[in-house]
Amino acid sequence: MYYHLKAESVLIEGKARGAIYDFSSGRVYSINRGAVELLKACESSALEEIMDVNSVDGKRYLSFLDKLTTKGLGAIYNELPAGKRTCPIQPYQPTLEYIWLELTSTCNNRCLHCYSASSPHTAAGCMPHTRWLELITEARLAGAYGIQLIGGEPLLYPRWRELIIKAREENYELVEIFTNATLVDDDCIDFFKQHSVSIATTIYADNSAVHDRVTQHPGSFDKTMSAIQKILAKGLPLRIASIIMKANEQEAENIVKLLTDLGVEPVPPDVIRPTGRGDNLELLPQAYSKPAIKPPFFTDPETFGKAQHFHSCLAGRLAITSTGDVIPCIFARDQVCGNILNTSLAAILAGQPLTTCWQTTKDCISKCQDCEYRFACADCRPLAQGQDPKKSWQAAPADCSYNPYTGNWEDR
């Protein structure tokens with residue numbers, strides 16, 4: 001008799017334990033080292049060659065295999081299955097999917113944590129308007145279907161409307177503008193409606209005292225909330241983000257309630273990214289934190305296939321700053337992959353720096369490379385890098401307490 005995992009199940013090894021990724025149910029099952037070695041032995045040998053099936057240990061091993069069979073993970077065969085198992089893993093070949101255009105570094109707010117260190121006194125940038133227009137076309141030809149205009153404050157860029165029109169002419173599926181909304185007036189809203197623009201904004205509290213303390217812009221809360229009400233009244237797509245730091249960490253629940261009352265999806269607040277002005281220990285929240293990485297983990301063929309060779313979040317995305325630098329993420333400010341003022345987008349997309357960023361899999365990350373869950377859990381490289389004392393791009397996530405060398409989840 002032979003025992004094999006089914007084609008829809010994949011065994012992934014860690015240093016101390018292993019995991020079975022089940023694409024039928026989407027679940028990831030943890031197994032100990034003994035089970036890993038048993039399943040590896042089963043790949044080429046009959047059960048009778050591996051164990052004495054009538055012994056106490058043999059019966060224990062068979063009981064384990066029966067449990068796997070009950071879960072639909074494997075099966076017993078009379079003969080060694082011929083040929084290589086065909087697993088339904090979807091091959092992933094990255095193409096450009098989404099771009100951020102940081103139109104300006106100037107902003108009428110001066111948020112405590114701003115990742116790009118924008119302010120009313122920050123230089124706007126040096127990108128010619130014609131180059132922004134060209135990039136919108138080049139990115140679409142390269143495969144991008146989503147585009148976001150961001151800053152700084154994008155509404156301070158004098159010709160932002162022309163870029164929206166250009167994006168619509170190029171048939172982007174998603175055109176979004178991320179604004180602090182303090183400058184949004186009725187004309188802006190009519191324009192958004194006319195050109196099917198999605199809006200994103202940020203609030204830091206359900207009151208002006210705390211919100212304005214974060215933005216360092218008196219009156220910003222009232223202006224943002226007024227714009228939000230008008231945007232919703234027009235039926236425009238709106239998402240509201242929120243970032244938690246020491247100055248507003250008591251507002252997390254209030255923010256979620258406010259979003260619920262507004263009828264906007266109540267996404268849990270994120271934590272400050274240690275980038276730009278946010279790279280300041282004095283700003284870190286003392287009590288609030290993101291949910292830690294922990295089981296249960298889930299999988300699917302597409303996500304698994306991508307995670308084996310490319311970063312789950314970075315691949316297919318890039319941002320272009322107001323000075324023309326191309327970076328893989330708006331928070332990855334030091335991972336410059338070229339400059340669009342002297343290099344074509346096509347050349348940067350084909351270049352080694354961006355390819356290396358996109359290929360930063362968990363197999364490149366310290367600790368993660370030895371973890372059996374590495375193809376199932378999410379990852380934010382800029383966050384891990386920012387929280388690392390050495391600021392290493394390959395740093396392990398600080399919010400994971402799993403020790404792959406012992407197979408234990410450790411208390412903090």
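Within any chain, residue numbers begin from 1 and follow the written order of that chain's sequence. Thresholds applied to this predicted model are a pLDDT of at least 70 for local features of residues and 80 or more for the giving and counting of side-chain atom pairs; totals over whole chains, interfaces and linings are not thresholded and use all residues. By convention in this description, side-chain values take in all heavy atoms of the structure and omit both hydrogens and water.

Trainee: Looking at this structure, I do not really get the pairing of strand β10 (residues 238-241). What am I missing?
Mentor: Within a regular strand, side chains alternate between the sheet's two faces. Judged by which residues are buried, β10 turns out to be one-sided: Leu238 and Ile240 face inward and are buried, whereas Arg239 and Ala241, on the alternate face, are not. Only when DSSP finds a minimum of two bridges between them are two strands counted as paired. A run of DSSP states H or I qualifies as a helix once it reaches four residues; a run of E qualifies as a strand once it reaches two. Both are numbered from the N-terminal end. Inspection of the sheet shows strand β9 (residues 198-202) paired to β10 by 4 bridges, in the parallel sense. When the bridges of β10 are listed, threonine 202 appears paired with alanine 241. Exposure is judged per residue with a 1.4 Å probe applied to protein chains only, and the accessible area is read against the type maximum: over 50% gives exposed, under 20% gives buried, and values in between give partly exposed.

Trainee: Hey, could you run me through the packing of helix α5 (residues 160-169) against helix α6 (residues 186-194) in this one?
Mentor: When two helices pack together, their arrangement is captured by the angle between the axes and the distance separating the axes. Axes here mean lines fitted to C-alpha atoms, for a helix over just the part in contact, with angles spanning 0 to 180 degrees between N-to-C directions. Direction vectors running N to C along α5 and α6 enclose 10°, while the axes themselves pass 11 Å from each other. One finds that α5 runs roughly parallel with respect to α6. Along the contact surface, α5 presents Trp160, Arg161, Ile164 and Ile165, while α6 presents Asp187, Cys188, Phe191 and Phe192. We call Asp, Glu, Lys and Arg charged. Ala, Val, Leu, Ile, Met, Phe, Trp, Tyr, Cys and Pro are nonpolar, and the rest, Gly among them, are polar. Taken together, the residues that form the contact of α5 with α6 break down as 6 nonpolar, no polar and 2 charged. Geometric relationships in this document are graded by angle, where less than 35 degrees denotes roughly parallel, more than 145 denotes roughly antiparallel, 65 to 115 denotes roughly perpendicular, and other angles denote oblique. In this description, contact between two residues means that some pair of their heavy atoms is separated by no more than 4.5 Å.

Trainee: Would you mind showing me how to read the environment of tyrosine 61 here?
Mentor: Mapped onto the elements, tyrosine 61 comes out in helix α3 (residues 56-70). Separated by 26 residues in sequence, tyrosine 61 and alanine 35 place their C-alpha atoms 8.3 Å apart. Once you skip the residues sitting within four places of it in the chain, tyrosine 61 turns out to touch Leu38 and Met51.

Trainee: Sorry if this is basic, but what is going on with the sheet that holds strand β3 (residues 17-22) here?
Mentor: Picture the strands of a sheet paired through backbone hydrogen bonds; they go either parallel or antiparallel. The antiparallel open sheet is built from 3 strands, whose spatial order is β2-β3-β4. At either margin of the open sheet sits one strand with a lone partner, and together these are β2 (9-13) and β4 (28-32). Sheet twist, expressed as the average angle between the axes of neighbouring strands with direction ignored, equals 25°. Sheet analysis places β3 next to β4, joined by 5 bridges and oriented antiparallel. Residue pairing across strands places alanine 19 opposite serine 30, the latter belonging to β4.

Trainee: Teacher, can you tell me more about the UniProt feature "domain: Radical SAM core" (unreviewed entry) in the protein chain here?
Mentor: Sequence positions flagged by UniProt for "domain: Radical SAM core" (unreviewed entry) are, in local numbering, residues 93-311. Counting secondary structure, residues 93-311 comes out at 34% helix and 13% strand; the distance between its end C-alpha atoms is 12 Å. UniProt positions are given in the numbering used here, feature names are shortened, and annotations may be inferred rather than shown by experiment.

Trainee: How do you make sense of the pairing of strand β13 (residues 317-320) when you look at a structure like this?
Mentor: Bridge analysis of strand β6 (residues 98-102) against β13 gives 4 bridges, and the strand direction is parallel. By the bridge assignment for β13, tyrosine 98 is matched with arginine 317. Across 2 bridges, the pairing between β13 and strand β14 (residues 326-327) is antiparallel. The partner of isoleucine 320 across the bridge, within β14, is valine 326.

Trainee: Whenever I open this one, helix α4 (residues 129-141) confuses me. Can you help?
Mentor: It helps to recall that an α-helix has 3.6 residues per turn; residues three or four apart then point in one direction. Given a helix with a known number of residues, its expected span is that number minus one, times 1.5 Å. Here α4 is 13 residues long and its end C-alpha atoms lie 19 Å apart, about the 18 Å a rise of 1.5 Å per residue gives. Three or more residues of α4 are buried, namely His129, Arg131, Trp132, Leu135, Ile136 and Ala139. Taken down its axis, α4 places every buried residue within 150° of arc, on the same side. Turned more than 90 degrees off the buried face of α4, the exposed positions are Thr130 and Leu141. Two residues or fewer after α4 comes glycine 143, characterised by a positive phi angle close to 115°. The arc in question is the one spanned by the directions pointing from the helix axis to the C-beta atoms.

Trainee: What is the right way to read the sheet that holds β6 from this model?
Mentor: One open sheet accounts for 7 strands, arranged β10-β9-β8-β7-β6-β13-β14; its pairing is mixed. At either margin of the open sheet sits one strand with a lone partner, and together these are β10 and β14. Of the strand pairs in this sheet, strand β8 (residues 174-178) and β9 are connected by 3 bridges, and their pairing is parallel. By the bridge assignment, isoleucine 177 is partnered in β9 with isoleucine 199.

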